[in-house]
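A closer look at the structure
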Amino acid sequence: MVGKAEPVNGSVKSGSNQSIPATMQSPLKKSDLIPNLSLKTLKLKTKQQELLIRVSILCLVYVLAFITRLFSVLRYESMIHEFDPYFNYRTTLFLTEKGFYEFWNWFDSESWYPLGRIIGGTLYPGLMVTAAIIYWLLRFLRFAIHIREVCVLTAPFFASNTTLVAYFFGKEVWDSGAGLVAAALIAICPGYISRSVAGSYDNEGVAIFALLLTFYLFVKAVNTGSLAWALASAFAYFYMVSAWGGYVFIINLIPLYVLVLLITGRYSMRLYVAYNSMYVLGMLLAMQIRFVGFQHVQSGEHMAAMGVFFLLQVFFFLDWVKHLLSDTKLFQAFLRITVTTAIGVGAIALGVGMASGYISPWTGRFYSLLDPTYAKDHIPIIASVSEHQPTAWSSFMFDFHILLFLFPAVCLISAIAVSATIKNLTLVARAKSKVTQTGSVRGSSSSKGSSKASLDQSQPFQRNGAIALLLGAFYLLSKYATHCTWVTSEAYSSPSIVLAARGAHGNRVIFDDYREAYFWLRKNTPPDAKVMSWWDYGYQITAMGNRTVIVDNNTWNNTHIATVGRAMSSYEDEAYEIMRSLDVDYVLVVFGGVTGYSSDDINKFLWMVRIGGGVFPVIKEPDYLVNGEYRVDKGAAPKMLNCLMYKLSYYRFGELTTEYGKPPGYDRARGVEIGNKDIKLEYLEEAFTTSNWIVRIYKVKPPNNRW
Amino acid sequence: MPPALTFYSVSLPKGLGKGDSLTLDVLVVFKGALQPFPEKITQADIQLVVFYETAYYLSPYAVKVQSLSVKLPDARIESFTKIENTKIHGSEIKYGPYENLPPFSYSPIVVHFEANQPFAIAQELVREIEISHWGNVQVTEHYNLVHGGAQSKGEFSRLDFQARPHVRGASAIRHLVAKLPPRVHSIYYRDEIGNISTSNLWGDHKKTEMVIEPRYPMFGGWRTAFTIGYSLPLQDFLFQSDGKRYVNISFGSPVNEVVIDTLIVKVVLPEGSADISVSAPFPVKQGQETKFSHLDLVGRPVVVLEKTNVVPEHNQHFQVYYKFSSLSMLTEPLMLISGFFFLFVTCIVYMHADLSISKSSPSYLAKLQWDEVQAAVQQVRNIINRCLMIHDKLEASLRDLSRTGDVQACKSARKAFDGLLKDLSKDLKPLLASLQTSPQAAQILPKVEELVGKERDLQERMMAKHSTVVDSYEKKSSGREIENRVALQQQKITALRQEVDDLLDLIDEI
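On a predicted model such as this, the values are computed, not experimentally measured, just so you know. (Residues numbered from 1 in each chain as written. Chains lettered and ligands numbered in written order. Predicted model: local features only at pLDDT ≥ 70, side-chain atom pairs only at ≥ 80, totals over all residues. Heavy atoms only, no water.)

What about the overall build of chain B?
As a reminder, the rule being used: Strands are runs of DSSP state E lasting at least 2 residues, helices are runs of H or I lasting at least 4, and numbering of each runs from the N terminus. Computation of the radius of gyration draws on C-alpha atoms alone. For the globule rule, the value is 2.2 Å times the number of residues to the power 0.38. Here's how the labels work: a residue is buried when its accessible area is under 20% of the maximum for its type, exposed when over 50%, partly exposed in between, all with a 1.4 Å probe on protein chains only. Working definition of accessibility: Shrake-Rupley area with a 1.4 Å probe, residue cover restricted to the visible protein chains.
Within chain B, the regular secondary structure consists of 6 helices and 24 strands. The C-alpha radius of gyration computed for chain B amounts to 47 Å, which surpasses the reference 24 Å derived for 510 residues by more than 25%, pointing to a less compact arrangement than a globule. The dimensions of chain B, computed from C-alpha atoms along their principal axes, are 145 × 65 × 60 Å. Buried residues in chain B amount to 41% of all 510 residues. Accessible surface, chain B as shown: approximately 28,400 Å² in total, 55% of it carbon and sulfur.

Overview of the overall build of chain A
Along chain A, the regular secondary structure elements total 30 helices and 11 strands. When each of the 707 residues of chain A is scored for burial, the buried share is 48%.

Let's talk about the packing of aromatic side chains
All names here are of chain A. Our working definition: Any pair of Phe, Tyr and Trp rings, taking the six-membered ring for Trp, is counted once the centres come within 6.5 Å. Such a pair is stacked with planes under 30 degrees apart, edge-to-face with planes over 60 apart, and tilted for the rest.
Under the defined criterion, the tally for this structure stands at 56 aromatic pairs over all chains. On the basis of an interplanar angle of 50 degrees and a centroid distance of 5.2 Å, the ring pair of tryptophan 112 and tryptophan 556 is categorised as tilted. With tryptophan 112 in the loop between strand E1 (107-108) and strand E2 (117-118) and tryptophan 556 in the loop between strand E6 (548-549) and helix H26 (558-569), the pair connects residues that are 444 residues apart, well separated along the chain. Tryptophan 112 gets classed as buried once you look at its relative accessible area, which sits at 0%. What makes tryptophan 556 partly exposed here is its relative accessible area of 46%. Ring geometry for phenylalanine 317 versus tryptophan 320: centroids 6.1 Å apart, planes at 40 degrees, classification tilted.

Re the UniProt feature "transmembrane region" (unreviewed entry) in chain B
How we decide: UniProt positions are given in the numbering used here, feature names are shortened, and annotations may be inferred rather than shown by experiment.
If you check UniProt for "transmembrane region" (unreviewed entry), the listed places come out as residues 334-353 of chain B in our numbering. Taken end to end, residues 334-353 of chain B is 95% helix and 0% strand, and its two terminal C-alpha atoms sit 27 Å from one another.

Focus: the packing of helix H12 (residues 247-263) of chain A against helix H15 (residues 303-324) of chain A
To describe two helices that pack against each other, one gives the angle between their axes and the distance between the axes. Residue and element names in this part refer to chain A. The test is simple: Every axis corresponds to a line fitted to the C-alpha atoms, with the helix fit spanning only the stretch in contact, and the corresponding angles, defined between N-to-C directions, vary from 0 to 180 degrees. Here roughly perpendicular refers to angles of 65 to 115 degrees, roughly parallel to angles under 35, roughly antiparallel to angles over 145, and oblique to all remaining angles. If you view the pair so one helix is near and one far, a crossing is left-handed when the near helix is turned anticlockwise from the far one by less than a right angle, and right-handed when it is turned clockwise. When checking whether two residues touch, look at their non-hydrogen atoms; a contact exists if any pair is within 4.5 Å.
One way to put it is that H12 packs onto H15 with a least axis distance of 8 Å and a crossing angle of 30 degrees. Classed by the angle they form, the pair H12 and H15 counts as roughly parallel. Between H12 and H15 the crossing geometry is left-handed. Residue-level inspection shows Ile251, Asn252, Pro255, Val258, Leu259 and Leu262 of H12 in contact with H15, the latter providing Ala304, Ala305, Val308, Leu311, Leu312 and Phe315.

Let's talk about H12(A)
Residues and elements named next belong to chain A. Keep this limit in mind: A helix is expected to span 1.5 Å for every residue after the first.
Its 17 residues give H12 an end-to-end C-alpha distance of 24 Å, which sits within 8% of 24 Å, the value for a rise of 1.5 Å per residue. The set of residues buried in H12 consists of Tyr247, Val248, Phe249, Ile250, Ile251, Asn252, Ile254, Pro255, Val258, Leu261 and Leu262. The positive-phi residue at the C-terminal boundary of H12 is glycine 265, with phi of around 75 degrees.

Quick notes on the side chain of B:Arg158
Note that B:Arg158 resides in helix H1 (residues 158-163). Once residues within four sequence positions are removed from consideration, B:Arg158 is found in contact with A:Glu516, A:Glu686, A:Phe688, A:Thr689, A:Thr690, A:Ser691, A:Trp693 and B:Pro217.

Regarding the sheet that holds strand E12 (residues 176-180) of chain B
Residues and elements named next belong to chain B. Let me state the cut-off plainly: DSSP-based pairing: two strands are paired if at least 2 bridges between them are found.
Reading across the sheet, the 3 strands line up as E12-E16-E15 and stay open at both edges, with antiparallel pairing between neighbours. Sheet topology places E12 and strand E15 (199-203) at the edges, where each strand pairs with a single neighbour. Within the sheet, the average angular offset between the axes of one strand and its neighbour, ignoring direction, is 20 degrees. Bridging between E15 and strand E16 (residues 208-212) involves 5 bridges; their strand directions are antiparallel. What sits directly across from serine 199, in E16, is isoleucine 212.

This is the structure:
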């Protein structure tokens with residue numbers, strides 16, 4: 001058998017051997033032909049090649065910007081994150097269900113009980129309208145999706161669109177290479193990702209897009225002097241105004257840009273057309289947003305734009321007069337008179353406006369921009385937002401989104417730098433290869449040749465250096481990309497509604513206590529129940545719990561918040577009076593003592609005291625401190641140990657052993673044994689506590705019967 | 001005799017003759033027959049219920065012998081009505097036997113006992129069964145659950161519940177078990193505010209069990225709502241008989257402990273189904289509606305079946321018959337394809353259409369002129385490229401010459417190329433002229449002219465070189481001599497060629 005098999009194999013082998021040359025030849029011939037053909041056809045179309053590469057890179061960046069923001073969806077679920085987005089989600093839901101007019105006229109009685117809130121007049125509707133339009137469009141195209149999915153993915157979608165705008169902006173400012181790098185940088189920039197991950201359904205998500213679009217269109221308008229671009233930028237500005245309160249920065253930055261152009265003597269007709277049409281139309285459009293309204297012509301923050309507008313008119317007028325007057329001396333005199341009168345009239349108008357109250361002075365928010373400590377000293381509410389930030393400046397950067405304005409600029413500038421560097425390096429690297437290709441050209445007597453010759457002497461070093469630098473640049477850029485992805489996945493992709501921790505065996509433990517509590521409220525309390533909690537949780541309670549809250553994250557009424565702060569920091573009987581007067585049925589507190597969750601109400605408590613004390617002087621911060629120290633153990637201040645917040649947080653906690661080897665009542669968030677283990681509640685009763693004790697809900701008892 | 005009675009008539013398979021006997025097993029399931037008493041309990045209390053029944057079998061016929069046994073879940077019995085012949089064995093109470101009872105004899109009894117099993121009542125359950133002929137049955141079930149036992153009052157203490165869950169909170173619903181068909185996949189468990197992470201799933205080839213825990217333990221009177229959804233393979237549930245397809249799927253809820261007040265089963269058939277009929281093993285209210293899902297034009301027909309008071313015994317299969325042509329499956333992919341096709345077509349049309357409003361505005365004219373200039377420059381580039389190709393061919397002919405020594409062939413080739421080059425330069429002239437007249441070309445014109453000049457220079461040198469080489473061959477000079485003679489020319493030609501290439505690139509970039 002074996003003997004027989006061998007010749008068969010042999011024949012097969014020889015056959016294959018014979019066939020190999022035959023098959024080898026034909027591909028060779030073909031491959032001879034193909035490069036010739038393809039090289040020639042391709043060489044004719046270098047431009048198209050470049051276009052193809054550019055478009056595919058842009059598409060990849062577009063997709064990258066989208067998918068890098070999906071960590072939280074993949075890791076948790078498609079859900080809305082944090083606090084403010086829940087309000088946006090709730091209003092979007094209302095908008096899609098009831099329509100735009102109902103939305104515009106919505107009086108929300110579920111928040112700020114008993115005051116209520118006029119939603120249509122106190123919000124920037126851009127985000128909700130955008131999401132609703134996307135939703136309706138998809139519905140129209142017969143994609144049966146839930147509005148939640150639209151809301152969750154709005155921010156990544158707009159981040160992708162921002163990369164496109166960044167590309168065009170970079171192209172407009174520098175060249176298409178810079179545009180591509182700008183698009184890529186914007187796509188993975190952590191500062192932006194933190195505001196636009198899937199589920200972070202907040203104004204910034206679309207506002208950054210609108211911001212960049214406005215700038216791009218305005219620069220385009222200035223460069224071309226085209227009315228169409230100016231109008232487009234006005235509409236982009238309108239979109240920005242409708243989306244976010246940060247539009248104030250645009251309306252200050254664009255005049256600044258114009259002013260710089262004026263001072264550097266680059267005034268032109270194009271600038272005049274661009275700014276005037278953008279400002280006038282943009283202003284008229286912005287005033288259509290009810291939350292902005294006449295502020296746009298009255299508040300101090302908008303005066304710069306108006307001033308530059310009038311300045312441009314004066315400039316134009318002077319130009320015209322100069323054109324008419326041939327005598328320079330006469331013109332000089334005229335100039336002097338006009339400028340002094342213009343400045344005088346402007347100053348008087350501003351002064352009269354300020355004095356009569358027609359022009360409102362700058363708000364605290366704007367002062368705090370100039371002096372970050374302003375907020376801390378004067379507005380405890382603003383300061384309380386930033387309680388976890390270490391220093392004033394960084395907290396200020398964080399809170400007022402200065403980074404958000406800086407990062408597009410930073411991205412653009414670094415994109416230009418990077419692309420220019422790489423371009424130069426590749427030029428150097430390529431020049432050498434060209435020279436080697438052409439070989440013996442050195443003899444030619446052109447200046448180019450001599451420069452090349454001089455170049456050539458230092459070339460071995462230069463070329464290698466260029467290649468090394470290029471490799472270094474690519475290494476750094478790829479490192480940056482992986483770093484950004486890592487930061488996104490580690491730091492910015494947690495929904496903060498669901499908490500995740502590692503269990504003892506390395507498995508993932510999920511604390512879903514917030515939703516447990518909110519759903520309990522939704523299903524097991526009367527539909528008209530009023531819930532009192534610290535304002536952080538207001539939006540979530542209305543959106544997920546569907547119950548009326550006393551205060552929420554829209555901190556427009558300081559007194560109301562202070563009342564809640566006062567109730568939380570009073571003794572139970574005093575608090576009961578306040579709660580009765582506010583018609584409170586349930587009290588919700590967040591408590592991290594069992595799980596070691598540190599951003600709970602006990603850690604926020606001093607802010608309640610401060611804000612409460614800011615309005616009601618009966619609450620004094622020192623009463624809650626011992627030697628200026630904030631503590632909850634045995635050494636705590638007696639008022640601290642008996643105030644409502646302490647009692648509600650630690651009710652029956654003294655009986656619980658949280659950690660092995662520690663006494664019962666050991667608070668894991670603060671690492672101490674609590675000071676008051678025997679807490680009795682007289683006016684409230686425990687209604688619900690979640691499985692990890694993170695949220696505790698108490699029912700306010702009805703008043704006792706009187707005989 | 002009790003105040004209200006409902007009569008059910010049973011038709012026998014065949015008439016009962018005199019003296020014959022027949023055994024009937026009658027199974028009756030009562031819902032809501034157990035009343036919690038006391039009606040409100042605290043977390044620490046156990047749940048007690050009362051059960052009202054008659055000791056004698058209520059019948060319009062005379063009863064010869066009859067007995068009743070009441071089986072209770074727990075051993076603890078608070079009280080029960082004692083009449084004659086009552087015995088108790090552990091958790092079972094026996095009444096009877098009683099003999100020779102007249103029609104409609106009636107003796108109410110009351111049993112009061114501990115029942116800590118949860119009273120899970122789905123006030124409304126909507127099951128949506130969506131058939132996709134792409135191989136999937138998607139079942140979505142919306143539960144609206146309430147604990148129907150004794151209402152809880154007072155505090156709910158998590159501490160007590162965690163420390164001694166079976167004493168403090170004995171009657172709470174902690175979890176429910178859903179028995180799902182085998183090969184089920186893509187299971188989810190969520191509610192209005194998102195996914196619920198407390199569920200477990202295991203299964204083998206016979207069944208799949210899903211343990212679902214509500215977000216919070218449910219005490220008496222507490223409510224919750226959730227949705228579970230799962231996908232099933234189509235071939236297990238869709239069959240065909242005489243030209244019709246039918247779905248054969250279970251009617252009730254997969255959660256066994258749940259008693260349902262109102263059950264609505266919706267069967268969503270694929271778009272284009274017709275001739276729909278339902279066969280169910282028990283009477284149900286039928287209706288029809290339309291549902292719009294992904295890419296639907298006319299909507300999918302939905303069969304709506306409604307039944308009140310559903311217990312686990314109703315968990316039987318029912319059938320929906322319908323006609324559906326397999327070709328209709330293609331409509332949705334075709335729609336998508338044509339949608340994208342039209343998108344691209346509009347893109348192409350947009351790119352090629354002239355959409356400017358004013359045909360006489362200066363910017364429009366300038367654009368037109370610029371297009372012309374670009375076209376002319378492109379043509380110039382083409383011509384130059386062709387010239388360069390001819391140069392290459394000339395070089396090639398020289399190489400042939402050095403290999404073969406065939407001077408005649410080389411000369412004839414040269415002649416042909418000369419003619420070609422002349423034609424090309426003729427073509428070039430009008431283009432250059434048009435570029436010179438156009439104001440838009442002012443920027444690009446010097447470069448183009450330089451390019452043309454350089455190319456002409458190159459051409460001349462090429463010719464010179466060619467003539468030199470051919471001459472030398474005719475004179476039979478040695479190869480080395482020829483090379484020496486040509487070397488200088490060759491250098492210049494390479495330099496010129498390089499410059500021409502650079503210029504071409506430059507113009508390309510403009």
